[in-house]
Amino acid sequence: MESQVLERKSSTIMSKTLIKKARLITASDDTRADLLIDGEKIAAIGMDIDARTADVVIDATDKLLLPGGIDNHTHLDMPFGGTVSSDDFFTGHRAALFGGTTSHVDFCIQPKGHTLRRSLEMWRAKADGKAAMDYGFHVAITDLTDAVMEEIRDLPSMGVTSIKLFMAYKGALQVDDTTLFKCMRVAKESGVLTMVHAENGDAIDILIKDALAAGHTTPDWHERTRPPELEAEATNRAIALARAAGDAPLFIVHVTNEEALNAISRARARGQRTYGETCVQYFYFTRNNLNGSRNDPFEGAKWVCSPPFREHNDQVALLRGIRLGDLMIVSTDHCPFNYKTQKILGAESFAAIPNGVPGIEDRLVMLWNAAVLTGHISPSKFVELTATNPAKMFGLYPRKGTLSVGSDADIVIWDPVVRHTVSAATSHMNIDYNLYEGMQVTGKAEKVFLRGSLVVDGTSWQGTRGGGRFMARASALLA
Ligand SMILES: [Zn+2]
């Protein structure tokens, strides 16, 4: 049964919404309670809140109440490999909201020769007038001059408290160890978190050239030329450099395999400020998906992303990682490219396939099915991984990422029992395929509120283009 609107006293803009009898889930609690929204904020949480105080009353019996998801790893409207990711700041936001994600932190990529301030202006212009949920930016540094070093110190005053460095994509985004080490030191001094894409781009570059010279062009060679030990090597190197930089806080994005995870676990066990993230799709797919189908061997291109999909034992290790906390966040690395018009750029060479997969809409339901319904984690742990830890790590807590009085009313009414089938035909991402096509899943975001406004109601879009806001972020509250 859908959660019922019991009462609606006024047809003008609603200011107070009372959600009754929900099972309210935060990272620390799992209780039955009523929740009152007043304007953009959560005004009260308690037992039997008087319905007369509200303009709208929703009965959420048998439903879960979750804080809106925060996806801290996305690439909307991003230039890559001669094309641009297919979701912009409206289509990507609308899709995210349908999936229960109400804010995100995207990557602003410094074009070579540009200042960080100018780069941020360019990325904010992409979102202006389009954003339908709240958004912030990390800055990916690709061109470190002395002036850019100084600008890192100013980033917090621009609402940006994290930088990203790519140790892969030689000749494009990759930085050398000099840049990495210098950035870690200045970031640490400035209250800025350093994030790294950890793969050894120099060795990968050689493997790609060798493979192409030997005539190997199919998508499966994407994985064969990016083996797990090169991710583990870069992970270890970044950890060692961060330690030598005076224990600079280090966030390793999209961890895919056991060896890389073990490097993070070891660092954390000795007390180093090292944090790991994985993405939901790594729980579902393996290198075998890159082989494509019998009818279409190139179909493997749909699964081309970096780092690539690994083996079953790595999936088991990642589940252990989220349970034990060495992996503290599950994001998406949403970077969609249409199969028929964009992935096809790599038909003659796997190295020309745009790297990235879609998922911003599917994250919550797919993690719910992979980890909660299988008994690996509790609903509270699910909230921690998808909302609370992203908010703490990226300077949004407690404004976002939890259900507490005074927090933004970013709220998901979650139906935990509804069964449905994931498909590109019914999803809202601007892309011609879905990674999880045809999978039967349980659970769904039924109603979604962004700062108190109902933006998704079942299958109905109620949000606003331009209704999302830029989030100036504080420094990380490190765990
Ligand atoms: Zn990414």
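Being a predicted model, the structure only gives us computed values, none of them experimental.

1. A closer look at the pattern of salt bridges
Right, on to step 1. Considering all chains together, one arrives at 30 salt bridges under this definition.
Right, on to step 2. As a salt-bridge pair, D134 and K400 come within 2.7 Å of each other at their nearest N and O atoms. One end of the pair, D134, is in strand β11 (residues 134-140); the other, K400, is in the loop between α11 (379-393) and β17 (411-421), with 266 residues separating them in the sequence.
Right, on to step 3. Overall, the relative accessible area of 2% leaves K400 in the buried class.
Right, on to step 4. Across the pair E199 and R226 runs a salt bridge, and its minimum N-O distance is 2.8 Å. Placement of the pair is E199 in the loop between β13 (193-197) and α5 (201-213) and R226 in the loop between α6 (220-224) and α7 (228-244), with a sequence separation of 27 residues.
Right, on to step 5. Here the salt bridges share partners, and the residues they tie into one network are E40, K41, D134, K400, D408, D410, R451 and R469.

2. So, the coordination of the zinc ion
Reference geometry at the metal: tetrahedral coordination by four donors gives ideal angles of 109.5 degrees; octahedral coordination by six donors gives 90 or 180 degrees.
Right, on to step 1. Protein-derived coordination of the zinc ion comes from H73 (NE2), H75 (NE2) and D333 (OD), at a distance range of 2.1 to 2.2 Å.
Right, on to step 2. All donors to the zinc ion come from one chain, and their sequence spacing reads H-x1-H-x257-D. Each member of the pair H73 and H75 is classed as buried.

3. Here we look at the side chain of S331
Right, on to step 1. Turning to its location among the elements, S331 is positioned in strand β16 (residues 327-331).
Right, on to step 2. Excluding residues within four positions of it along the chain, S331 makes contact with D71, N72, H73, E277, T278, C279, V280 and R363.

4. Quick look at the sheet that holds strand β14 (residues 250-252)
Right, on to step 1. In spatial order, the strands read β7-β10-β11-β12-β13-β14-β15-β16; together these eight strands make up an open sheet with parallel pairing. At either end of the open sheet lies a strand with only one pairing partner, and these are β7 (69-74) and β16. Pairs of neighbouring strands in the sheet enclose a mean axial angle of 30°, with direction left out of account.
Right, on to step 2. As paired elements, β7 and strand β10 (residues 101-109) share four bridges and run parallel to each other.

5. Some points on the environment of T194
Right, on to step 1. Residue position: T194 is located in strand β13.
Right, on to step 2. For T194, a relative accessible area of 0% translates into the label buried.
Right, on to step 3. Taking the C-alpha atoms as reference points, T194 and A351, separated by 157 residues in sequence, lie 28 Å from one another.
Right, on to step 4. Those residues in contact with T194 that sit more than four places away from it in its chain are I163, L165, C183, M184, A187, P249, L250 and F251.

6. What about the pairing of β16?
Right, on to step 1. In terms of burial, β16 is a largely internal element, five of the five residues being buried.
Right, on to step 2. In terms of strand pairing, strand β15 (residues 274-279) meets β16 through four bridges, oriented parallel. Within the sheet, the bridge partner assigned to E277 lies in β16 and is I329.
Right, on to step 3. Following the backbone out of β15, through helix α9 (residues 312-324) and into the adjacent parallel β16, one traces a crossover that is right-handed.

7. Quick notes on the domain arrangement of the chain
Right, on to step 1. Each assigned domain of the chain is listed here: domain 1 (4-66 + 410-461) and domain 2 (68-393).
Right, on to step 2. At the interface, 41 residues of domain 1 touch 47 residues of domain 2.
Right, on to step 3. Contact with domain 2 buries area across many residues of domain 1, yet Y433, L435 and Y436 alone supply 20% of it, more than any other trio.
Right, on to step 4. The interface formed by domain 1 and domain 2 includes one salt bridge.
Right, on to step 5. A salt bridge links R451 to D134; the shortest N-O distance between them is 2.7 Å.
Right, on to step 6. Connecting domain 1 to domain 2 are 14 residue pairs in polar contact (both at pLDDT 80 or more).

8. Regarding α11
Right, on to step 1. Here α11 contains 15 residues, and its C-alpha end-to-end distance of 20 Å stays within 8% of the 21 Å for a straight helix at 1.5 Å per residue.
Right, on to step 2. Bending of α11 peaks at approximately 45° at the position of L385.
Right, on to step 3. With 13 of 15 residues buried, α11 is to be regarded as a mostly interior element.
Right, on to step 4. Once α11 ends, the next one or two residues include G395, with phi positive near 70°.

9. Focus on the state of the cysteines
Right, on to step 1. Applying the stated rule across the entire model yields zero disulfides.
Right, on to step 2. Between C305, a cysteine without a disulfide, and C279, which holds the nearest cysteine sulfur, the sulfur-to-sulfur distance is 8.1 Å.
Right, on to step 3. The exposure class assigned to C305 is buried, which follows from its relative accessible area of 3%.

10. A word on empty space enclosed by the protein
Right, on to step 1. The full count for this structure, using the stated rule, is two cavities of 30 Å³ or more.
Right, on to step 2. Lining of the largest cavity is provided by 16 residues; of these, H75, F166, Y169, D333 and N355 occupy positions nearest its centre.
Right, on to step 3. In the lining of the largest cavity, the residues fall into seven nonpolar, seven polar and two charged.
Right, on to step 4. Considered as a void within the structure, the second largest cavity measures approximately 30 Å³ in volume.
Right, on to step 5. P67, G68, I70, T102, S103, K400, G401, T402, D408 and D410 together form the lining of the second largest cavity.
Right, on to step 6. By residue class, the composition of the lining of the second largest cavity is two nonpolar, five polar and three charged.

11. Some remarks on the packing of aromatic side chains
To describe a pair of aromatic rings, you give the distance between the ring centres and the angle between the ring planes.
Right, on to step 1. This structure, assessed with the given rule, holds 21 aromatic pairs.
Right, on to step 2. Arranged with centres 6.2 Å apart and planes meeting at 45°, the rings of Y284 and F285 form a pair that is tilted.
Right, on to step 3. Taking relative accessible area as the criterion, Y284 reaches 22% and is therefore assigned partly exposed.
Right, on to step 4. Classification of F285 as buried rests on a relative accessible area of 4%.
Right, on to step 5. Ring-pair connections join several aromatic residues into one group, and the members of that group are Y282, Y284, F285, W303, F309 and Y436.
Right, on to step 6. Directly above the aromatic system of F470 lies the positively charged group of R124, at a separation of 3.8 Å from the ring centroid.
Right, on to step 7. The ring of W221 has R224 lying over it, and the distance from NZ or CZ to the ring centre is 4.6 Å.

What counts and how
- Residues numbered from 1 in each chain as written.
- Predicted model: local features only at pLDDT ≥ 70, side-chain atom pairs only at ≥ 80, totals over all residues.
- Heavy atoms only, no water.
- Salt bridge = Lys/Arg side-chain N within 4 Å of Asp/Glu carboxyl O.
- Helix = DSSP H or I, 4+ residues; strand = E, 2+ residues; numbered from the N terminus.
- Buried < 20%, exposed > 50% of the residue type's maximum accessible area, 1.4 Å probe, protein only.
- Donors = N, O, S within 2.8 Å, 3.2 Å for Na, K, Ca; no water.
- Contact = heavy atoms within 4.5 Å.
- Pairing = 2+ DSSP bridges.
- Axes fitted to C-alpha atoms, helices over the stretch in contact; angles between N-to-C directions.
- Right-handed = clockwise from strand over helix to strand, strands pointing away.
- Domains from an automatic or database assignment.
- Buried area = accessible area lost by both parts, 1.4 Å probe.
- Polar contact = N/O pair within 3.5 Å; in protein donor to acceptor, adjacent residues only side chain to side chain.
- Expected span 1.5 Å × (residues − 1).
- Bend = angle between axes of the 7 residues up to and from the residue.
- Disulfide = S-S within 2.5 Å.
- 1 Å grid on protein atoms, 1.4 Å probe; cavity = no way out; pocket = protein on both sides within 12 Å on 5 of 7 lines; lining within 4 Å.
- Points joined across faces, edges and corners; volume = space filled by probe spheres on them.
- Nonpolar A, V, L, I, M, F, W, Y, C, P; charged D, E, K, R; others polar.
- Phe/Tyr/Trp six-rings, centres within 6.5 Å; stacked < 30°, edge-to-face > 60°.
- Lys NZ or Arg CZ within 6 Å of the ring centre and 35° of its normal.

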